Amino acid sequence: MEIQSEDVNAMAATTRLTRSVAQKLSTKLKETLREDGRKKVLRPRHVKIELDSDADGESMQHAPETSTSNNLVLDDQLICEKKPDTSEIFDQKKELGKGSKIHRTNFRKEPDHWMEVLGNIREMRKNRDAPVDTMGCDKLCDDDILPEVRRYQLLLSLMLSSQTKDQVTSAAMSRLREHDCTVDNIIKMSEETLGQLIYPVSFWRTKARSIKRTSEILKDKYANDIPNTVADLCKLPGVGPKMAHLAMQFAWNTVTGIGTDTHVHRISNRLGWANARQPDKTRIELESWVPRELWAEVNHLLVGFGQTVCRPVNPRCSDCLNKDLCPFGIQTLRSRKRRMKRDAEEEVD
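Residues numbered from 1 in each chain as written. Predicted model: local features only at pLDDT ≥ 70, side-chain atom pairs only at ≥ 80, totals over all residues. Heavy atoms only, no water.

**Student:** Got a minute to help me understand helix α3 (residues 114-124) in this structure?
**Tutor:** Within α3 the residues assigned to the buried category are Trp 114, Val 117, Leu 118, Asn 120, Ile 121 and Met 124. Down the axis of α3, the buried side of the element spans an arc of 160 degrees, and every buried residue falls inside it. The inward-facing, buried residues of α3 abut α12 (262-271) and α14 (295-308). (Buried < 20%, exposed > 50% of the residue type's maximum accessible area, 1.4 Å probe, protein only. Helix = DSSP H or I, 4+ residues; strand = E, 2+ residues; numbered from the N terminus. Arc of directions from axis to C-beta. Contact = heavy atoms within 4.5 Å.)

Below is the structure:
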């Protein structure tokens, strides 16, 4: 069958029209999505443009339908995804400091079996026999004192507790309270005397200097009280996000975030609840999926669990109720079994 030159020209024109319509549709769709604040457009594998003839013999194109749901679909191919609300991420980035990067991977799905794991940790913590239960920062303040003085002592205990065991922090706070631990008295005290009272907490010289400077700021700007926002607390010398969130919780009875110290950081990554190298990034990942009503419980629960069972060195994985659910525990127990088997074989030889 011969193909006339007119037919060839018509076919070429149709092909050009198809490509032109597809390009225009793609450009228009991208502009629309950009105006709607969508995340990004993923190029579909193909776009079907059907050319039909109307009554007058002219071609008209039919664009594929788009979905009105959160995801737009073109020719059954996912091409875009609704951008998540990142309003809180910018506040978190400010807490981490200038130049810190917060990636999309900071948002995690709820881990499998996390409620069961949490229930097991609650069961293991029901006796409240960890040091944090009797010597936590919220237990180290004087009784029958003014609210602002109590908040100040709570802030000092948090500053002293950084990288320091609860027993050492408790003893240091006890010595400070014996010398009437108020803003005015700490300001009058020499830095050398203050250092002697808080020794042997970790970095006691630096902490003594920070406590002096913080006390002067509290007197000048906050009438001997402490700030009532995370942002203002983090501006104080020696106060970081973890201390700020815990201060908001215990001093102002306001939950603003999960206090993430070394115990919370270590255990969260062992359980697979987070995948981060720094505590602040672990906190951001936890806050992305942990229900807000549980934020106040997480710190106290995991700190005590880390002091008694999930210890940094020689963790008691064999005694843990989560030994079959925890990735770290499963790997640790397997390694121990292999080591015991190898040792037994060497003894036989």
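From this point, the discussion proceeds with the structure in view.
**Student:** Would you take a moment to explain the packing of α3 against α14 for this structure?
**Tutor:** The relative placement of two packed helices comes down to the angle between their axes together with the axis-to-axis distance. Where α3 contacts α14, the axes come no closer than 10 Å and their chain directions differ by 60 degrees. It follows from the interaxial angle that α3 and α14 lie oblique. For the crossing formed where α3 meets α14, the hand is left-handed. In this structure, α3 uses Leu 118, Ile 121, Arg 122 and Met 124 to contact α14, whose residues at the interface are Glu 297, Leu 301, Leu 302 and Phe 305. When grouped by side-chain class, the residues that make up the contact of α3 with α14 number 6 nonpolar, no polar and 2 charged. (Axes fitted to C-alpha atoms, helices over the stretch in contact; angles between N-to-C directions. Parallel < 35°, antiparallel > 145°, perpendicular 65-115°, else oblique. Left-handed = near helix turned anticlockwise from the far one by under 90°. Nonpolar A, V, L, I, M, F, W, Y, C, P; charged D, E, K, R; others polar.)

**Student:** Could you clarify how one ought to interpret the pattern of salt bridges in this entry?
**Tutor:** Where charged atoms of side chains with opposite charge meet at close range, the side chains can pair. All told, the structure shown has 10 salt bridges when counted by the stated rule. Residue Asp 225 is joined to Arg 151 by a salt bridge in which the shortest nitrogen-to-oxygen separation is 2.8 Å. In this pair, Asp 225 is assigned in the loop between α9 (204-221) and α10 (230-234) and Arg 151 in helix α5 (residues 147-161), connecting sequence segments 74 residues apart. Note that Arg 316 is salt-bridged to Asp 319, the shortest N-O span being 3.3 Å. The partly exposed category is assigned to Arg 316, whose relative accessible area is 33%. (Salt bridge = Lys/Arg side-chain N within 4 Å of Asp/Glu carboxyl O.)

**Student:** Please explain the packing of aromatic side chains as it appears in this structure.
**Tutor:** For any pair of aromatic rings, geometry is given as the distance between the ring centres together with the angle between the planes. Under the criterion given, the structure shown has 3 aromatic pairs. On the numbers, 5.4 Å between centres and 85 degrees between planes, the contact of Tyr 199 with Trp 204 is edge-to-face. We classify Tyr 199 as partly exposed; its relative accessible area is 47%. Classification of Trp 204 by relative accessible area gives partly exposed; the value is 22%. Note on Trp 273 and Trp 289: the rings are 5.6 Å apart at their centroids and 85 degrees apart in plane angle, and the pair reads as edge-to-face. Taken together, the residues span a long stretch of sequence, with Trp 273 in the loop between α12 and α13 (279-287) and Trp 289 in the loop between α13 and α14 at a distance of 16 residues. Taken together, the ring pairs in this structure connect Trp 114, Trp 273 and Trp 289 into an aromatic cluster. (Phe/Tyr/Trp six-rings, centres within 6.5 Å; stacked < 30°, edge-to-face > 60°.)

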